[in-house]
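Here is what each chain is made of, one letter per residue.
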Amino acid sequence: MSIEEIILGKVRILPPDKQQETLDFVEFLLAKIQKQELSVEEIKSGVSALTIAQEYVGCVEAASDLSTNKDYMDGYGS
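From a predicted model like this one, the values you see are computed outputs, not experimental measurements. (Residues numbered from 1 in each chain as written. Predicted model: local features only at pLDDT ≥ 70, side-chain atom pairs only at ≥ 80, totals over all residues. Heavy atoms only, no water.)

1. Let's talk about the pattern of salt bridges
Applying the stated criterion to the full structure yields 1 salt bridge. Measuring nitrogen to oxygen at the nearest pair gives 3.2 Å for the salt bridge that ties Lys-18 to Glu-21. With Lys-18 and Glu-21 both in helix H2 (residues 16-44) and 3 residues apart, the pair spans about one turn of that helix. Among the residues examined, Lys-18 registers a relative accessible area of 37% and is labelled partly exposed. (Salt bridge = Lys/Arg side-chain N within 4 Å of Asp/Glu carboxyl O. Helix = DSSP H or I, 4+ residues; strand = E, 2+ residues; numbered from the N terminus. Buried < 20%, exposed > 50% of the residue type's maximum accessible area, 1.4 Å probe, protein only.)

This is the structure in structure tokens:
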């Protein structure tokens with residue numbers, strides 16, 4: 001008996017709400033695998049760090065250019 005057959009047999013005896021939970025978990029695992037594969041493909045294809053991080057650009061509120069006002073750096077470092 002294969003793993004697939006064992007899983008199907010066990011899922012069939014679960015109540016519908018637990019079958020839904022199982023489906024949700026399987027979909028989560030598939031999404032996780034797909035995300036990992038995309039990340040590896042992006043790295044292999046030479047995609048820039050900016051492209052990968054694009055969704056996070058602008059998500060932090062701060063002064064527009066911290067490098068022009070050294071007062072923002074008070075208390076950091078020596």
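2. What to know about the confidence of the model for the protein chain
For the protein chain, the average pLDDT comes to 81, and 76% of its residues sit at 70 or higher. Ranking the elements of the protein chain by mean pLDDT puts helix H3 (residues 49-53) last, at 77, and helix H1 (residues 3-12) first, at 95. (pLDDT = per-residue confidence, 0-100.)

3. Digging into a nonpolar patch on the surface
There is a patch of nonpolar side chains on the surface, built from Phe-25, Phe-28 and Leu-29 and spanning about 300 Å² of accessible area. Here Leu-29 is to be found in helix H2. On the accessibility criterion, Leu-29 (34% relative accessible area) is partly exposed. (Patch = residues over 30% accessible without salt bridge, like charges linked within 9 Å, V, L, I, M, F, W, Y side chains within 5 Å. Areas by Shrake-Rupley, 256 points an atom, 1.4 Å probe, with all protein chains shown as cover.)

4. Examining the environment of Val-11
You can see Val-11 is positioned in helix H1. Distance in space between the C-alpha atoms of Val-11 and Leu-23 is 9.5 Å, their sequence separation being 12 residues. If near-sequence neighbours (up to four positions away) are discounted, Val-11 is found in contact with Gln-19 and Thr-22. (Contact = heavy atoms within 4.5 Å.)

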